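Structure at a glance
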Amino acid sequence: MLFTRLRVGPGVQVNRRTALRAGAAGLASLSGCVVGSREGPAFDESFENGLDGWRTDAAIGPEVDLDEFDWAIDATTDRAHTGGRSVAVFTEGDHDDGVAWLTRRVDTAALDADRLRVSAWLWSESESFNTLRNAVLRVGPDPPAAEADFPAPETVSAGATPTTTAGLRQSLHRVEGWDRYAFEWRPATLPDEVYLSVGVAVVWEADATHYVDDVRVEAVE
């Protein structure tokens with residue numbers, strides 16, 4: 001049963017996270033074992049059901065209309081890190097600019113954690129010492145609306161201090177094939193739900209398709 005507040009007495013309200021923690025603690029005391037999300041990820045997406053629950057978006061600098069930026073994000077069976085599907089992200093390179101991403105809400109109400117780790121696997125066609133594209137990941141209480149909402153290049157959040165949002169922007173093509181990207185987030189207060197985004201930012205003047213798979217959110221011990 002979903003709820004946001006639980007009344008436990010006159011003038012007393014308990015938010016959803018507190019209620020879920022209390023329920024978990026009660027089950028742990030009865031069973032003699034630890035009940036919590038640290039035993040598995042809070043969210044683990046391999047896109048076997050396509051883009052269910054995800055929405056796609058793109059942005060480009062003010063000197064170019066978004067309609068002039070060619071991009072596409074679709075579930076595919078062409079490649080997969082695990083399972084049989086992944087997500088293909090196509091971006092054109094004519095403008096040396098632009099980012100395309102997919103976003104979804106993730107329920108974190110049951111997480112009893114001060115810090116989260118977000119990770120994803122992305123596929124590049126070749127290894128290159130040049131930065132041809134950047135992988136972008138982001139998590140926060142609101143979805144991104146522009147490229148500036150993602151971290152600056154070569155930024156990886158470490159979760160050392162509380163921040164409102166967190167993420168990374170790192171070079172793709174570090175290796176040929178699949179490569180794991182990860183960052184950590186320490187929010188001042190973890191919301192009951194967050195928006196998770198992953199995508200590709202254009203750097204080099206060439207069209208390219210990359211693939212995304214195994215997107216995960218988990219509590220950090």
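Residues numbered from 1 in each chain as written. Predicted model: local features only at pLDDT ≥ 70, side-chain atom pairs only at ≥ 80, totals over all residues. Heavy atoms only, no water.

Moving on, we come to the confidence of the model for the chain. Across the chain, the average pLDDT comes to 86, with 82% of residues at 70 or higher. The model gives residues 1-37 a pLDDT under 50, and that stretch makes 40 contacts with residues more than four places away or in other chains. (pLDDT = per-residue confidence, 0-100. Contact = heavy atoms within 4.5 Å.)

To continue, consider the pattern of salt bridges. As enumerated under the stated definition, the model contains 7 salt bridges in all. Salt-bridge contacts for Asp44 lead to Arg216; the nearest nitrogen and oxygen are separated by 2.8 Å. Taken together, the residues Asp44 in strand β3 (residues 43-45) and Arg216 in strand β14 (residues 208-219) connect sequence positions 172 residues apart. Taking the shortest distance from any N to any O, the salt bridge between Arg105 and Glu193 comes out at 3.7 Å. (Salt bridge = Lys/Arg side-chain N within 4 Å of Asp/Glu carboxyl O. Helix = DSSP H or I, 4+ residues; strand = E, 2+ residues; numbered from the N terminus.)

Before going further, it helps to examine unusual backbone geometry. In the Ramachandran plot, Asp96 falls in the positive-phi region, its phi being about 55° despite a non-glycine side chain. Examined against the element boundaries, Asp96 turns out to sit in the loop between β6 (86-91) and β7 (99-107). Residue classification places Asp96 among the partly exposed positions, given a relative accessible area of 38%. Unusually for a residue other than glycine, His173 sits at a positive phi of about 65°. The residue His173 is located in the loop between β11 (166-171) and β12 (177-185) in this model. (Buried < 20%, exposed > 50% of the residue type's maximum accessible area, 1.4 Å probe, protein only.)

A complete count under the given rule lists 4 aromatic pairs for this structure. Judged by centre distance (5.5 Å) and plane angle (40°), the ring pair of Phe47 and Trp54 falls under tilted. With respect to burial, Phe47 and Trp54 carry one shared label: buried. Grouped by ring-pair contacts, the aromatic residues Phe43, Phe47 and Trp54 constitute a single cluster. (Phe/Tyr/Trp six-rings, centres within 6.5 Å; stacked < 30°, edge-to-face > 60°.)

A few words on a negative patch on the surface. Together, Asp70, Asp94, Asp96, Glu205 and Asp207 make up a negatively charged patch on the protein surface. Within the secondary structure, Glu205 sits in the loop between β13 (193-202) and β14. (Patch = residues over 30% accessible without salt bridge, like charges linked within 9 Å, V, L, I, M, F, W, Y side chains within 5 Å. Areas by Shrake-Rupley, 256 points an atom, 1.4 Å probe, with all protein chains shown as cover. Lys, Arg positive; Asp, Glu negative; His and termini not counted. Charge placed at Lys NZ, Arg CZ, Asp CG, Glu CD.)

With that settled, consider the nonpolar core. In this structure, Leu122 and Val215 are the most contacted members of the largest nonpolar core, which totals 38 residues. With 5 residues, the single largest contributor to this core is β13. Dropping the residues within four chain positions of it, Leu122 is found in contact with Ala135, Leu172, Gly177, Trp178, Asp179, Tyr181, Val198, Gly199, Val200, Tyr211 and Val212. Of all hydrophobic cores here, the second largest spans 6 residues; its members include Trp101, Val136, Phe150 and Ala201. (Core = buried A, V, L, I, M, F, W, Y, C linked by side-chain atoms within 4.5 Å.)

As a further point, take the sheet that holds β7. The strand order across the open sheet built from 6 strands is β4-β7-β13-β9-β11-β10, with neighbouring strands paired in antiparallel fashion. Taken across any chain shown, the strands that pair with only one partner, and hence form the sheet edges, are β4 (55-59) and β10 (155-156). (Pairing = 2+ DSSP bridges.)

Bringing the side chain of Glu218 into the picture now. With respect to the helices, strands and loops of the structure, Glu218 is situated in strand β14. The side chain of Glu218 is buried and forms no salt bridge, while Arg117, the nearest opposite charge, is found at 4.2 Å. For Glu218, the residues in contact, after removing those within four places along its chain, are Pro41, Ala42, Arg115, Leu116, Arg117 and Arg180.

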